[in-house]
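# Remarks on the overall topology
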Amino acid sequence: MVNILSILTMNMISPINIIAVSLGIAFFMGLLGNKAQRTSYILLIAALLFNTIVSLQWLYGLANNLVEAQQIFTAGYKPPFSINLLMGLNEAVIASLINIVGLLGAIYMGSTLKKNGSGSQVVFLVLFMSLNVIVLSRDLFNIFVFLEVGSIAVAGLVILQKGVKAVSAGFKYMLATGIIAGIFLIGIIFIYRFTGSLNLDQIIQSNPAIKQGALISSFLILIAIILELKPFPANGWALDVYQAAHPGLSAILSSAVGTANLYVLYKFTGMAGDSLMHYISLIGIVTFVGSNLLGINQKKARRLLGYSSVGQIGLLIAIMGLLPHSNSNFKLIFFGILTSHYFAKAGLFWISGIIKAENIKEWSVLRKKPVLLFLFLSFILALLGFPPFPSFWGKWQLVMELSAQGQFAVIIAILVGSFFEVVYLMRWAGYSIKLEAGTLPEIKLSKYIPVILFGLGLYAVGYFVSQSVEFGNTINYLPLLVVAVLLVVDFLPAFVKNSLSILATGWFAYLLIPGQDTIKFIFTIIFLVGGILTLIPGFQIKGKREGFYPSAMLMFGGLALLIEASNLLQFFFAWEIMTIGSYFLIIRGKKSMPHALSYMLFSVGGAYLILLGFGMVSAGNSGLSLDLLSSIKVYPVLAMSLMAVGFMTKTASLGLHIWLPGAHGEAESDVSPMVSAILLKAGVFGLILLMLASGGEQNSYSGLFYVLGWIGALTALVGNLGAIFQEDAKRLLAYSSIGQLGYILFAFAIMTHMGWLTGLTYTINHFMFKAILFLAIGGIVMKLGTHNMYEMGGLIKKMPFSFIAVLIGIITLAGIPPLSGFGGKWLFYNAVIMKGWYFQGAVVFFAGTIAFLYLFKLIYSVFLGQLKDNHRNVKELSIWFLLPQYILIIGIMVFSAKPDLILKPIGNAIAMAFPSNQLTWEGTKALSTLGYWDATTIMVVIGGMFVVLLGWLMFMSRKAQKVEQFNMVYAAERPERPELTHVSHNIYAGYNKALGFLVAPGITNFWNYTTNLVESTGNFIRRIYSGNGQSYAIHLVSYIVIVFIIYLTAI
Amino acid sequence: MIRNILIIAILAGLATVFVSLFWNFGSSDTLTPLATHYANNGVEEVGAPNLVTSVIVTYRGLDTLGEVTILFLVAAIVSFFLKTENTNKEENSPKRETSEIILTASRLLMPIVMVLGIYVFVNGHLTPGGGFQGGAIVATSFVLMLMANPRFQINHRIIATVESVSGISFVFIGVLGILLAGGFLDNKILPLGTFGKLFSAGAIPIIYSLVGLKVGSELSNILSNFQGIQMKNYKQ
Amino acid sequence: METIALITAFALILIGLFGILSNKNILKIIIGFSLFDTGLHVLIVTVGYIKGGTAPILDKVVGTSNAADKIVDPIPQALVLTAIVIGLGVTALMLAYALKLYQAKKSLNITDFKELKW
């Protein structure tokens, strides 16, 4: 293969042949007439294949330095006397991208092109010829001519789609491009007037920026090419075409034509002075943010893709204006974001043509074809800049570059725009996964293959870009490989994949544990051993459980990478991988769609804050090591706060917690423990990294940590209060998680030795008891088919093992001796008193008493009281649910009896950062300055008392007579609502009067209000796209005038 | 009304752009270096007295190829865009027959107009005019026929053949330029001949004739497609 | 001379644009485009004008020696030809579109074609 390529590169085919062959064949196709459609179609494919081969050959040759960039002089005269073309590496890359989409696009549109005869094929071929010329040409007027060829060809291809919509869209397109061409021409003729040349290189050399007339001419040229790139809001005409044209053409417009025009802009930017570049970046950012804002309320798939296309191209324009083109990373960033857009947008438009669903809600039909669904989701994630796609690296590097320049406002604007895009694309993804699936039309292979190839291309280019980005080669792709394997074997039965996943998780742990420090070791155990334990219940599930295992392993893989991360890039990569995986896990629940979206939005918002913080960390420092967190040079307090808030979206702290109850409560039974007991700890892990890096006791962020302490305390209170009013067992546990994570945040924020011991003890405890509780309750919920506690009751006799597990769980949670929760509490009081945070401590203490209430409600409603009639035949949970619970119970027992096994090494590990007031150990006795605690003794004493009492009770009740529960009979009336028959339904209604204001949905209302504001703003602005082509033309001219006036006032 | 005022305001804004260009314009007394080069070396390099032709056909030959492509493209688009469903020709009779005088006169004029067109494009390198102008004149002869007699049918087959063959030949000559001379569309594949004669300036007369034929047939093609629609409208 | 031509050109461009932006009738819009294009063409030719220059055809009157001092710039004249042809192509295609739009709705009012919006 390599040999063939090297032979090919010996005889480089001159790029001029792209023009000659394309036009020769196009003219020949005219000779064929409409009869020989087959022949002409074969000729079309041959010509496009030829173009592709030529450009790829140059790409190969130039990229490997086998050949040098070549100038092609037409007519045999040197420029500026004749038109010249240039084939360099940039041109080869862009031309290859264009020609590949041309070839695949022609295959995709095969039936349409054949049906419309050789005429349409001629137009198609000429379009791609013209795109090649505008990329290669170095002559201004020549570029204009072939831009016009391209515009006319597009106007011709629009009407391949039948119906008046396409025709009117095409006419609007012609109106707009006609005006743009006129402006362009004025610019060209005046630049000739003022510089005396039409050759691009000569014009740039003469530096038009110094002469006012030439500057205005180059302004006109640049604004014209920018208008071709559809800036917001002067782009109604383009949106209509995206929507109404044949999806194959929309794909070409978005990927090939967009790419070519962007490259033309790139060539032209040399003409603009720095001041103009400034405006170009501004135009790009406005387009990116505005277009994505307007996309939020769009329901029609192709128009939505149009908005997204416009937005993405806006981002690329912005990058072109923001970074000096000599910047070593400029091309990498541009290429990364461009290729993601290119592959994803073409792929999505193609899919839209395959499934023929106009409304995004109908895209659930994709589920009928899992490969298509996988590709669809890959494309969406690529657009959003998730790893491992090229845009992830591009976006990362962009933020780092902009941070180095101190352009944080720009970063924020770009992240806001990206966030809007996340809103609509992830909502769409949710629809495709969850909604009722219709019927899938028959899929032609010719339409299917291009999509698959582009999906593969996306991953391949993602890997390629990652290897070029700084520190990108430090990324460990092992977890993603595991996910890939699981995707391939997704057709196997669930138990096989479950075993594989457990093995893989174990393998990760085996690879990670050696040489790990104590804190990372603890988190490895939580993430990976916890992963294995929560995967075990999966054995109970019959069938294939499609998509579950790749998602789960994406999450666990991400968590493993998080621990392994030694630099900021690895950390962020892991963070994003974990987020995607957990999203796909959470959305699997029956009613999870909206909750998964809200989880995703908070996660992405958090991730952006982290990214912004990382940018600040890297600015002014060299390298990306995680150690830099301790030497932040730019706005350290702000950077620290941003990252902390970012991590707190994952730990669901107050204000950022509203996603959690739904996401955890509605998830599948074995997913809830994964996300609750394990995933939440990722946020904790992040906070620990931050706080350790902040300098421990001697940190300079005491204000920040004081605030975090209060947030933690209030989170504990609000979370626990929320839990007591729940009737849904899983939501109760979910709210309880919020409260528990509040404790953890509070404890760490104390920033003392004792505080950190408390925090880590809570972390370990919460991992164990929340896993037990969610496994038990989740198993019961699955068995009974209801979440409502008032529909349960009296299950103690049916499920004694589950009862014991839950009992142990809640004893641990409540901090009742002798279990490890008590140890946590003891440490907590020590820490609070030593720190002197009495007010906050009181709030947390109060929250702790509230915890008793919901725990009582939980165990009472589910296990005690009367058995419901319809539950007479329920059996104990299966071994697969019980096994992990009892393993964890053993863990709790060990931790309770011998806490020094874990706390001693932790104490040593944090002694570096927190040297004063350490906890000392005398055997099993822990000593603080305030007192002592001997867990083993407590365990022995209380264990002894328990055994004695139990024995006595059993002895006393040996003669007791067993009475069967009988049916309740109501005298002539039955309560209308079944919950009224349950004694513990709404038992805490009374507290609502006193404390209800604390759980009033103020925060939810705040977020709802924000969402509504954004949506209605988008909806309002959207009205400018009135559908009237003439208005669009007016927008266009006004846009030129407004930009010119703004520009004029600045120069 | 408000809309029109708004438009005028916007155009006034655009006019400021023009005013600033106007202000910087000045008048010029000398050619740009580029044009001076053409004026001084054009004869020697290309051999055509008409410098505009030299620029169009040789120096900026690629643009010309693009132009030809545009017409070709429009002809192709219009033909599949306005494709009419097998209209029965007999029923498409216009409301009133054309008078005999007009018919005869137009038939008489048509070949003359066509010859004029051919003259213009064949002599494109010597005198004002050239392929596009000549081609347009050739197409005018068809316009004349169509205007005079709405039932006049342009033979699609012949036109398409002329269009394609001339196009292919144009590209072929361009490629010959790479093989035999300095580059794509170089006119020196043929000897430059005696300056000012019909057979001079290398391949320019051939290229311009091909362009003329191509433009003439393309324009006629577009016309005949519009005619097809017109026939259909008569029917309705 | 250039001043008049330049003013004419800009005026034609603006008038053409006004026609495009204000007329509801599609055919009138296309006529507006023709005016707009004509303005552009006049502009291009004006830019190539040299004071006192003659047509850039080196016939017996001009001669081949010192031609550079006598002729106007040939390049804009070549460009304008291209621009005219492009304008012609665009106009022809727009007319074809107008025909199709008329066939679809029996209307040439551009405000009647607003199916796609927002």
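Worth saying up front: this structure is predicted, and the values here are computed from it rather than measured.

## Some details on the overall build of chain B
- Within chain B one finds eight helices and zero strands.
- Its helices and strands taken in sequence order, chain B reads α-α-α-α-α-α-α-α from the N to the C terminus.
- Computed over the C-alpha atoms, the radius of gyration of chain B is 23 Å, more than 25% above the 18 Å expected from 2.2 N^0.38 for a compact globule of 236 residues.
- Projected onto its principal axes, the C-alpha positions of chain B cover 60 × 60 × 35 Å.
- For chain B, buried positions account for 51% of its 236 residues.
- Restricting to contacts in chain B with at least 6 residues of sequence separation, those with at least 24 account for 70%.

## Points about the overall build of chain A
- The helix and strand tally for chain A stands at 40 helices and five strands.
- Computed over its C-alpha atoms, the radius of gyration of chain A comes to 32 Å, within 12% of the 31 Å expected for a compact globule of 1051 residues.
- C-alpha atoms of chain A, sized along the principal axes, occupy 110 × 65 × 60 Å.
- Expressed as a percentage of the 1051 residues in chain A, the buried residues total 61%.
- Within chain A, counting contacts between residues at least 6 apart in sequence, those at least 24 apart form 81% of the total.

## Details of the interface of chain A and chain C
- Across the boundary between the two partners, chain A contributes 34 residues, which contact 31 residues of chain C.
- Elements represented by at least two residues in the side of chain A that touches chain C include exactly α7 (140-158), α8 (164-195), α11 (236-244) and α40 (1029-1050) of chain A.
- Among the elements that line the side of chain A that touches chain C, the one with the most residues is α8(A), at 15 residues.
- Considering only residue class, the side of chain A that touches chain C consists of 18 nonpolar, ten polar and six charged.

## Quick look at the interface of chain A and chain B
- Counting residues at the interface gives 48 residues for chain A, matched by 46 residues for chain B.
- Elements represented by at least two residues in the side of chain A that touches chain B include exactly α2 (16-32), α6 (117-136), α7, α10 (212-228) and α40 of chain A.
- The biggest single contributor to the side of chain A that touches chain B is α7(A), with nine residues.
- Looking at side-chain class alone, the side of chain A that touches chain B contains 30 nonpolar, 17 polar and one charged residues.

## Topic: the domain arrangement of chain A
- According to the domain assignment, chain A consists of domain 1 (1-138), domain 2 (233-470 + 1008-1051) and domain 3 (472-950).
- Distance from the C-alpha centre of domain 1 of chain A to the C-alpha centre of domain 3 of chain A: 57 Å.

## Some points on helix α1 (residues 2-23) of chain B
All names here are of chain B.
- With 22 residues, α1 should reach 32 Å at 1.5 Å per residue; the first-to-last C-alpha distance of 31 Å fits that figure.
- Within the span of α1, buried status applies to I7, I10, L11, V17, F18 and L21. Projected onto a plane normal to the axis of α1, the buried residues spread over an arc of 100° and lie on a single side. What points out from α1, more than 90 degrees from its buried face, is the exposed set I2, I5, A9, A12, V19 and W23.

## Quick look at the nonpolar core
- Within the largest apolar cluster, 520 residues are counted, with the highest numbers of intra-cluster contacts made by A:V158, A:I319, A:L562, A:I772, B:L73, B:V74 and C:L93.
- With 21 residues, α8(A) is the single largest residue contributor to this core.
- Beyond its immediate chain neighbours, meaning those up to four positions away, A:I772 contacts A:A805, A:I808, A:G809, A:Q885, A:L888 and A:I889.

## Observations concerning the confidence of the model for chain B
Residue and element names in this part refer to chain B.
- Model confidence for chain B is summarised by a mean pLDDT of 84, while 91% of its residues fall at 70 or above.
- Confidence over residues 86-91 falls short of pLDDT 50; this stretch has five contacts with residues more than four positions distant or in other chains.
- Scoring of the predicted complex yields 0.94 for pTM and 0.97 for ipTM.

## Regarding helix α1 (residues 2-22) of chain C
Residues and elements named next belong to chain C.
- Counted at 1.5 Å a residue, the expected span for α1 with its 21 residues is 30 Å, and the 30 Å between its end C-alpha atoms agrees.
- Listed as buried for α1 are L6, A9, F10, I13, G16, L17, I20 and L21. The buried side chains of α1 occupy one side of the element, clustering within an arc of 130° when seen end-on. The exposed residues of α1 that point more than 90 degrees off its buried face are T3 and I4.

## A word on the environment of A:S130
All names here are of chain A.
- Along the polypeptide, S130 turns up in helix α6.
- For S130, a count of 29 C-beta atoms within 10 Å puts it in the buried group.
- Between the C-alpha atom of S130 and that of A926, which follows or precedes it by 796 residues, the distance is 80 Å.
- S130 has contacts with F146, V149, G150 and A153, leaving out every residue within four places of it along the chain.

## A few points about the packing of helix α30 (residues 729-750) of chain A against helix α34 (residues 838-863) of chain A
Residue and element names in this part refer to chain A.
- Remark: α30 packs on α34, axes separated minimally by 11 Å, with the N-to-C direction vectors making an angle of 155°. Viewed along their axes, α30 and α34 adopt a mutual orientation that is roughly antiparallel. The way α30 lies across α34 gives a crossing that is left-handed. In this structure, α30 contributes A729, L732, S736, G739, Y743 and F746 to the contact, and α34 contributes Q840, V844, A847, A851, Y854, L858 and V862.
- In terms of residue class, the contact of α30 with α34 is built from ten nonpolar, three polar and no charged.

## A short note on the sheet that holds strand β5 (residues 931-934) of chain A
All names here are of chain A.
- Strand order in the open sheet formed by three strands is β3-β4-β5, and the pairing between neighbours is antiparallel. Each of the sheet's edge strands pairs with one partner strand only, and the pair in question is β3 (920-922) and β5. For this sheet the average axis-to-axis angle between neighbouring strands, irrespective of direction, equals 25°.

What counts and what doesn't
Residues numbered from 1 in each chain as written. Chains lettered and ligands numbered in written order. Predicted model: local features only at pLDDT ≥ 70, side-chain atom pairs only at ≥ 80, totals over all residues. Helix = DSSP H or I, 4+ residues; strand = E, 2+ residues; numbered from the N terminus. Rg over C-alpha atoms; globule rule 2.2 N^0.38 Å. Buried ≥ 20, exposed ≤ 12 C-beta atoms within 10 Å, placed from the backbone. Contact = placed C-beta atoms within 7 Å. Nonpolar A, V, L, I, M, F, W, Y, C, P; charged D, E, K, R; others polar. Domains from an automatic or database assignment. Expected span 1.5 Å × (residues − 1). Arc of directions from axis to C-beta. Core = buried A, V, L, I, M, F, W, Y, C linked by C-beta atoms within 7 Å. pLDDT = per-residue confidence, 0-100. Axes fitted to C-alpha atoms, helices over the stretch in contact; angles between N-to-C directions. Parallel < 35°, antiparallel > 145°, perpendicular 65-115°, else oblique. Left-handed = near helix turned anticlockwise from the far one by under 90°. Pairing = 2+ DSSP bridges.

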